[in-house]
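Structure assessment
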Number of protein chains: 2
Amino acid sequence: MEGSDSGIYGNHPYAPRDLKLPGFVPGFLSQSTILGVYGVSSLLVVSLTWLFSGRSPRKSKLDRWLMCWWAFTGLTHLILEGYFAFSPEFYKNKTACYLAEVWKEYSKGDSRYAARDAGVVSVEGLTAVIEGPASLLAVYAISKGKPYSYILQFAISLGQLYGTAVYFITAYLEGDKFATNSFYYYAYYIAANASWVVIPTLISIRCWKKISAAVQVQAQGQDQKKNKTR
Amino acid sequence: MEGSDSGIYGNHPYAPRDLKLPGFVPGFLSQSTILGVYGVSSLLVVSLTWLFSGRSPRKSKLDRWLMCWWAFTGLTHLILEGYFAFSPEFYKNKTACYLAEVWKEYSKGDSRYAARDAGVVSVEGLTAVIEGPASLLAVYAISKGKPYSYILQFAISLGQLYGTAVYFITAYLEGDKFATNSFYYYAYYIAANASWVVIPTLISIRCWKKISAAVQVQAQGQDQKKNKTR
């Protein structure tokens with residue numbers, strides 16, 4: 001609705017073409033620079049977490065991979081999505097600020113980011129403010145073997161799944177017409193989000209099983225105690 | 001966007017006044033009838049669940065109350081919200097169908113229901129399709145003392161909280177202008193949704209504690225076993 005009376009549109013690379021983005025400033029960085037910086041930073045975070053997690057002697061490889069995932073996803077939520085959630089005018093940015101460039105680029109896969117769609121902003125806001133810090137807490141919880149480690153990982157994963165579901169369903173209901181072309185549709189909208197469907201699903205299933213098993217063992221333990229009082 | 005070129009609007013009791021709802025048919029049932037039927041049906045469901053749950057001798061009162069909550073919320077999700085999610089034209093209904101009447105009435109507190117807002121439809125769809133059946137499974141899980149009982153209740157409660165958060169945040173971002181007047185704003189939009197903030201929060205906290213305790217007991221048990229092999 002914003003700027004709907006400005007009459008200035010079509011000055012951007014996004015779909016649908018009648019989307020109005022008065023004051024839009026095209027991106028300065030190339031796609032390879034934007035993806036490269038994200039890729040290298042992520043690799044750095046994962047490598048450091050892997051090395052750091054190796055110092056705890058009793059950590060399984062799976063736990064160490066999970067710590068890497070939570071560090072990577074937590075920083076993505078906090079920094080990238082946190083910037084988006086609180087920067088309604090990123091598309092007007094003239095300074096080649098990396099974070100604004102990321103979202104100018106990603107909007108080619110989903111223009112609702114530039115258009116400030118309320119559903120997208122809600123989901124990204126919750127992800128940044130709640131799931132970001134919670135993911136970093138999960139790194140700590142796994143490293144220290146905290147008893148809330150599984151339920152925390154389960155909670156964040158469900159939040160990610162719910163957010164992704166709302167994200168895709170709202171786009172579908174609104175006509176699935178927000179990608180510049182099918183390259184961006186599949187590369188950004190589908191592929192870039194796929195990790196946040198597959199990995200949280202796997203983690204949720206694992207935590208569900210671990211927690212159910214622990215509850216069952218505890219219940220059996222209580223029964224045994226009662227029987228042993230002979 | 002739908003019907004934006006029809007020019008027919010203002011024929012409905014909803015806000016904002018420029019909302020276009022071509023083909024809108026006013027409600028037939030009075031507010032007291034609509035609320036009365038929901039109240040009496042809910043009371044019936046809760047009473048029957050309470051009686052039924054009393055047949056399991058080892059159920060605590062809290063577990064029995066939780067079974068009542070899950071039966072009530074599950075049927076609300078499945079029937080009321082399920083009808084809404086899959087009835088895009090309920091506001092045109094001419095038959096005094098109770099479920100259509102509920103949403104014609106509720107739309108006075110939040111016209112996004114009649115306007116078919118994508119965020120609202122996504123949240124209601126997920127609630128009806130996933131949380132509805134899952135809530136009824138929770139009644140069964142508590143009644144049978146299943147080991148997945150806590151994690152299931154936790155998962156549904158988080159889903160309810162996430163959905164309610166998206167519901168309120170999207171309205172706020174879009175200007176919080178969807179109630180006919182402040183009576184409907186506070187009675188329907190705020191008060192009617194408050195239970196789905198307070199109760200899932202309490203249940204989540206309880207399940208978090210129960211699960212963390214069970215995981216801790218299991219970890220201690222494993223340590224003790226190792227030490228006992230003396």
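Please read these numbers as outputs of a predicted model, since none were measured by experiment.

With 37 residues of chain B at the interface, the matching set in chain A holds 37 residues. Three residues stand out in chain B for area buried against chain A, namely Pro147, Ile151 and Tyr162 of chain B, and they jointly supply 21% of the buried area on that side. Our count for the contact surface shared by chain B and chain A stands at zero salt bridges. Only α5 (118-144), α6 (149-173) and α7 (182-228) of chain B provide two or more residues apiece to the side of chain B that touches chain A. In terms of residues, the side of chain B that touches chain A owes the most to one element, α6 of chain B, which gives 14 residues. Residue classes in the side of chain B that touches chain A are distributed as 23 nonpolar, nine polar and five charged.

Here we take up the UniProt feature "domain: EXPERA" (unreviewed entry) in chain A. This chain's UniProt record puts "domain: EXPERA" (unreviewed entry) on residues 62-204 of chain A. In the segment residues 62-204 of chain A, helix accounts for 78% and strand for 0%; the C-alpha atoms at its two ends are 14 Å apart.

Here we take up the packing of aromatic side chains. Under the definition given, this model contains 52 aromatic pairs over all chains. We note Arg116 of chain A situated over the ring of Phe84 of chain A; from NZ or CZ to the ring centre the distance is 4.7 Å. It is Arg64 of chain B that lies over the ring of Trp50 of chain B; its NZ or CZ is 3.9 Å from the centre.

Before going further, it helps to examine the pattern of salt bridges. Counted by the stated rule, this structure contains ten salt bridges over all chains. Here Asp63 of chain A ties to Arg206 of chain A by a salt bridge, and the two come within 4.0 Å at their closest N and O atoms. Placement of Asp63 of chain A in helix α2 (residues 61-85) and of Arg206 of chain A in helix α7 (residues 182-228) is noted, with a sequence separation of 143 residues between them. Between Glu89 of chain B and Lys92 of chain B there is a salt bridge, with the nearest N and O atoms lying 3.0 Å from each other. Overall, the relative accessible area of 29% leaves Lys92 of chain B in the partly exposed class.

Moving on, we get to the nonpolar core. One broad trend across soluble globular proteins is that nonpolar side chains are buried collectively. In this structure, Trp70 of chain A together with Trp70 of chain B are the most contacted members of the largest nonpolar core, which totals 49 residues. Of all the secondary-structure elements, those providing two or more residues to this core are α2, α5 (118-144), α6 (149-173) and α7 of chain A together with α2 (61-85), α5, α6 and α7 of chain B. Here Trp70 of chain B is in contact with Ser135, Leu136, Ala138, Val139, Ile142, Gln153, Ile156, Ser157, Gln160 and Ile203 of chain B, once residues within four sequence places are set aside.

Here we take up the state of the cysteines. Residues and elements named next belong to chain A. According to the stated counting rule, one finds zero disulfides over all chains in the structure shown. Of all cysteine sulfurs, the one in Cys207 lies closest to Cys68, which takes part in no disulfide; the gap is 16 Å. Of the residues examined, Cys68 reaches a relative accessible area of 2% and is grouped as buried.

Another point: the relation of the copies chain B and chain A. Note on the copies: chain B fits chain A at an RMSD of 0.0 Å, the axial shift is 0.0 Å, and the rotation between them is 180 degrees. The transformation just described matches what one would write down for a two-fold rotation axis. Residue by residue, 100% of the interface of chain B is reproduced at the interface of chain A, so both copies engage with the same surface.

On to the UniProt feature "transmembrane region" (unreviewed entry) in chain A, then. UniProt feature "transmembrane region" (unreviewed entry): in the numbering of this structure it lies at residues 28-53, 65-86, 125-143, 150-173 and 185-203 of chain A. Measuring from the first to the last C-alpha atom of residues 185-203 of chain A gives 26 Å, for a span that is 100% helix and 0% strand.

Here the focus is a nonpolar patch on the surface. Together, Leu44, Leu48 and Leu51 of chain A line one region of the surface with nonpolar side chains, adding up to about 330 Å² of accessible area. Positionally, Leu44 of chain A belongs in helix α1 (residues 31-53).

Residue and element names in this part refer to chain B. Mapped onto the elements, Lys104 comes out in helix α3 (residues 98-106). Lys104 gets classed as buried once you look at its relative accessible area, which sits at 2%. From its side chain, Lys104 meets the backbone oxygen of Val25 in a polar contact 2.9 Å long. In contact with Lys104, other than residues within four places in its own chain, are Tyr14, Val25, Pro26, Gly27, Phe28, Phe90, Tyr91 and Asn93.

In this model, Ala15 of chain A is joined to Pro16 of chain A through a cis peptide bond whose omega is -5 degrees. Residue position: Pro16 of chain A is located in the segment before α1. In this model, Arg116 of chain A sits at a positive phi of 60 degrees, which is unusual for a non-glycine residue. Assignment of secondary structure puts Arg116 of chain A in the loop between α4 (112-115) and α5. Even without being glycine, Ala96 of chain B reaches a positive phi, approximately 55 degrees. For Ala96 of chain B, a relative accessible area of 29% gives the class partly exposed.

All right, on to the confidence of the model for chain A then. Residues and elements named next belong to chain A. Of all residues in chain A, 95% have pLDDT values of 70 or greater, and the mean over the chain is 93. Note that residues 1-8 has pLDDT below 50 and, in this model, seven contacts with residues that lie over four places away or in other chains. Interface confidence for the predicted complex, expressed as ipTM, amounts to 0.93; the pTM equals 0.93.

The next thing to look at is the packing of α2 of chain A against α6 of chain A. Residue and element names in this part refer to chain A. α6 packs onto α2 with a crossing angle of 50 degrees between their chain directions and a minimal axis gap of 13 Å. When the axis of α2 is compared with that of α6, the two are oblique. Where α2 crosses over α6, the handedness of that crossing is left-handed. On α6, the residues that touch Leu66, Trp69, Trp70, Thr73 and His77 of α2 are Gln153, Ile156, Ser157 and Gln160. Looking at side-chain class alone, the contact of α2 with α6 contains four nonpolar, five polar and no charged residues.

About the cut-offs
Residues numbered from 1 in each chain as written. Chains lettered and ligands numbered in written order. Predicted model: local features only at pLDDT ≥ 70, side-chain atom pairs only at ≥ 80, totals over all residues. Heavy atoms only, no water. Contact = heavy atoms within 4.5 Å. Buried area = accessible area lost by both parts, 1.4 Å probe. Salt bridge = Lys/Arg side-chain N within 4 Å of Asp/Glu carboxyl O. Helix = DSSP H or I, 4+ residues; strand = E, 2+ residues; numbered from the N terminus. Nonpolar A, V, L, I, M, F, W, Y, C, P; charged D, E, K, R; others polar. UniProt positions renumbered as here; feature names shortened; annotations may be inferred. Phe/Tyr/Trp six-rings, centres within 6.5 Å; stacked < 30°, edge-to-face > 60°. Lys NZ or Arg CZ within 6 Å of the ring centre and 35° of its normal. Buried < 20%, exposed > 50% of the residue type's maximum accessible area, 1.4 Å probe, protein only. Core = buried A, V, L, I, M, F, W, Y, C linked by side-chain atoms within 4.5 Å. Disulfide = S-S within 2.5 Å. Least-squares fit on C-alpha atoms with pLDDT ≥ 70 in both. Patch = residues over 30% accessible without salt bridge, like charges linked within 9 Å, V, L, I, M, F, W, Y side chains within 5 Å. Areas by Shrake-Rupley, 256 points an atom, 1.4 Å probe, with all protein chains shown as cover. Polar contact = N/O pair within 3.5 Å; in protein donor to acceptor, adjacent residues only side chain to side chain. pLDDT = per-residue confidence, 0-100. Axes fitted to C-alpha atoms, helices over the stretch in contact; angles between N-to-C directions. Parallel < 35°, antiparallel > 145°, perpendicular 65-115°, else oblique. Left-handed = near helix turned anticlockwise from the far one by under 90°.

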